[in-house]
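# Examining the three-dimensional arrangement
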Amino acid sequence: MGCADAAGGWAVPQRWQYLSAAPTWFPHWLQNGIYFFIRGFRALRSLAPWRGPAGGPDHANIFAMKLLLPVLLLASAGLLSAAKNLEVYFIDVEGGQATLVVPPGGDSLLIDAGWPGHNHRDAERIAAAAKAAGVKRIDYLVITHFHTDHVGGVPQLAEKLPILNFVDHGTSVETDKDAQILFAEYKARRDKGNHITVKPGDTIPVKNLDVRVVEAAGEPIAAALPGAGQSNPDCATFRKQDADPTENAQSVGLAITFGEFRMVDLGDLTWNKEYALVCPENKIGHADVFVVSHHGMNISNSPQLVHALAPRVAIMDNGARKGGTPQAWQILHQTPGIQDIWQLHYAVAAGKDHNSSDTVIANLDEACQGDWLKLTAERDGSFTVLNSRNKYEKSYKK
Ligand SMILES: [Zn+2]
């Protein structure tokens with residue numbers, strides 16, 4: 001409370017005097033609002049006939065505080081409710097990946113950093129999402145694999161945001177010159193932070209979130225996750241594709257669990273590697289949200305995997321002309337229980353029959369603004385997805 005000045009009112013020598021004890025998360029817009037509210041009341045009070053005598057009780061100020069208290073309580077409740085959910089931003093990096101995961105408490109996990117070049121486009125889009133999420137640094141950067149649409153953006157991102165922990169599967173398996181240069185540029189940044197090489201079964205220690213590595217360096221978890229391990233009836237009809245010697249098959253795959261909510265992201269893991277994760281038994285179990293593998297390419301996303309995960313919602317980080325194949329879209333579309341396939345882009349080559357309705361696509365035109373999809377999940381397993389382009393929002397019950 002402010003002290004009484006000589007005229008019987010409050011002394012307000014410092015703008016933030018009332019809020020000197022406000023915690024750091026208390027936002028400036030709310031501080032500003034309170035300040036102007038009180039200042040407005042002081043101005044009104046100077047005109048008020050019911051103003052008390054000098055030195056007497058200050059009824060106007062007491063009245064102001066009575067009005068202000070519920071406003072403060074409501075605002076705080078709103079902030080706390082925002083802070084108790086998991087937020088995930090699916091950032092459009094036009095056919096690469098950059099997914100920002102922010103649990104309550106503000107630790108940040110970024111899965112991949114998009115492309116290099118493009119006049120810092122991807123680093124700026126990631127920084128914009130981080131700002132929207134109230135994130136000032138990346139606590140854990142998971143690089144699923146060392147391909148340019150995932151790791152290429154790291155040097156530019158590191159110029160915009162501090163990155164504390166670099167999490168990956170170790171070293172690139174690709175030995176050609178371009179791959180080695182790409183890896184060396186990443187490693188130069190990685191060497192400035194803390195490096196964590198993960199193995200299947202490891203946990204990435206993001207606060208208030210269970211982040212389990214289910215696949216890394218071509219190997220699946222040895223044992224099923226708790227609650228999983230069901231036999232998978234689709235395994236009998238699995239047809240192998242050609243072996244994949246690239247970094248895609250080395251992808252770090254994550255099962256991210258927040259209370260009853262689970263999201264699965266396997267990076268660009270390819271078809272044959274999916275088999276060992278879900279056959280003969282499903283080691284991951286059910287996912288509420290499946291981040292469609294490999295931007296929706298058809299050398300990933302086997303029916304054995306997708307049907308075993310049985311997601312309610314799929315989110316595809318495709319580009320206008322990358323990923324988003326009709327075959328992968330159709331497998332997702334035919335998954336029992338699936339309600340929506342959200343897409344970062346309209347997939348030009350797939351045509352209307354193999355794209356979702358415009359409402360759930362973040363970017364319709366090839367020359368786009370880089371709109372994102374934002375997921376907000378609650379501990380009870382319910383979640384909401386928002387399209388930043390048209391502000392369309394849909395909730396999915398637990
Ligand atoms: Zn990719």
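Let me sum up the structure you'll find in this document. Quantities reported herein were computed from a predicted structural model and do not represent experimental measurements.

## Overview of the overall build of the protein chain
A count of helices and strands for the protein chain gives nine helices and 20 strands. Looking at the protein chain residue by residue over its 398 residues, the buried ones come to 42%. In the protein chain, 68% of the contacts between residues at least 6 apart in sequence involve partners at least 24 apart.

## Focus on the environment of Asn248
In this fold, Asn248 is placed in the loop between β10 (230-231) and β11 (253-258). Sequence separation between Asn248 and Ala217 is 31 residues, and the spatial gap between their C-alpha atoms is 9.5 Å. Once you skip the residues sitting within four places of it in the chain, Asn248 turns out to touch His145, Asp268, Leu269, Thr270 and His294.

## Some details on unusual backbone geometry
A cis amide bond, omega -5°, links Cys279 with the succeeding residue Pro280. Mapped onto the secondary structure, Pro280 falls in the loop between α7 (271-278) and β13 (281-282). Positive phi outside glycine occurs at Glu94, with the angle close to 55°. Checked against the element boundaries, Glu94 lands in the loop between β1 (86-90) and β2 (99-102). On the neighbour-count criterion, Glu94 (24 C-beta atoms within 10 Å) is buried.

## So, the sheet that holds strand β6 (residues 194-197)
Here we have nine strands laid out as an open sheet, ordered β6-β5-β4-β3-β2-β1-β18-β19-β20, and mixed in their pairing. The open sheet terminates on both sides in strands that have one partner only, identified here as β6 and β20 (393-396). Neighbour-to-neighbour, the strand axes of the sheet open up by a mean angle of 20°, direction not taken into account.

## Quick notes on the environment of Val198
Mapped onto the elements of the fold, Val198 is located in the loop between β6 and β7 (203-204). It is 6.8 Å that separates the C-alpha atoms of Val198 and Val167, two residues lying 31 residues apart in sequence. Contacts of Val198, omitting those with residues within four sequence positions, involve Val167, His169, Ile204, Val213, Ala216 and Val252.

## Here we look at helix α9 (residues 326-333)
When α9 is considered as a whole, its buried residues turn out to be Ala328, Trp329, Ile331 and Leu332. On an axial view of α9, the arc spanned by its buried residues comes to 160°, and they lie on one face. Those residues of α9 that are buried lie in contact with α8 (303-309), β15 (313-316) and β16 (340-345).

## Side note on the nonpolar core
Judged by nonpolar contacts, the single largest core of 91 residues is most densely connected at Leu100, Ile126, Leu141, Val142 and Ile315. If sequence neighbours within four positions are ignored, Ile126 has contacts with Ile91, Ala98, Leu100, Leu110, Ala113, Gly114 and Leu157.

## Here we look at the pairing of strand β5 (residues 163-168)
Sheet topology note: the strand β4 (residues 138-142)/β5 ladder contains four bridges and is parallel. Each bridged residue has a counterpart across the sheet, and for Val142 the counterpart in β5 is Val167. With four bridges joining them, β5 and β6 adopt parallel strand pairing. By the bridge assignment for β6, Asp168 is matched with Thr197.

## Quick look at helix α6 (residues 177-190)
Spanning 14 residues, α6 covers 20 Å between terminal C-alpha atoms, matching the ideal 20 Å at 1.5 Å per step. Among the residues of α6, Leu182, Tyr186 and Arg190 are the ones counted as buried. The buried side chains of α6 occupy one side of the element, clustering within an arc of 80° when seen end-on. In α6, the exposed residues that point more than 90 degrees away from the buried face are Lys177, Ile181, Ala184 and Ala188.

## A closer look at the pairing of strand β12 (residues 261-265)
Among the five residues that make up β12, five are buried, leaving the element largely enclosed by the rest of the structure. Residues Phe261, Met263 and Asp265 line one face of β12 and the alternating positions Arg262 and Val264 line the opposite face, and both faces are buried. Bridge count for β11 against β12 is five bridges, and the pairing is antiparallel. Across the sheet, Leu254 pairs through a bridge with Asp265, a residue of β12. Linking β11 back to β12 in an antiparallel pair, the connection comprises two residues, with Gly259 at a positive phi of about 60°. Pairing of β12 with strand β14 (residues 289-291) involves three bridges; the strand directions are parallel.

Rules behind the numbers
Residues numbered from 1 in each chain as written. Predicted model: local features only at pLDDT ≥ 70, side-chain atom pairs only at ≥ 80, totals over all residues. Helix = DSSP H or I, 4+ residues; strand = E, 2+ residues; numbered from the N terminus. Buried ≥ 20, exposed ≤ 12 C-beta atoms within 10 Å, placed from the backbone. Contact = placed C-beta atoms within 7 Å. Pairing = 2+ DSSP bridges. Axes fitted to C-alpha atoms, helices over the stretch in contact; angles between N-to-C directions. Arc of directions from axis to C-beta. Core = buried A, V, L, I, M, F, W, Y, C linked by C-beta atoms within 7 Å. Expected span 1.5 Å × (residues − 1).

Just distances and angles here, no functional claims.
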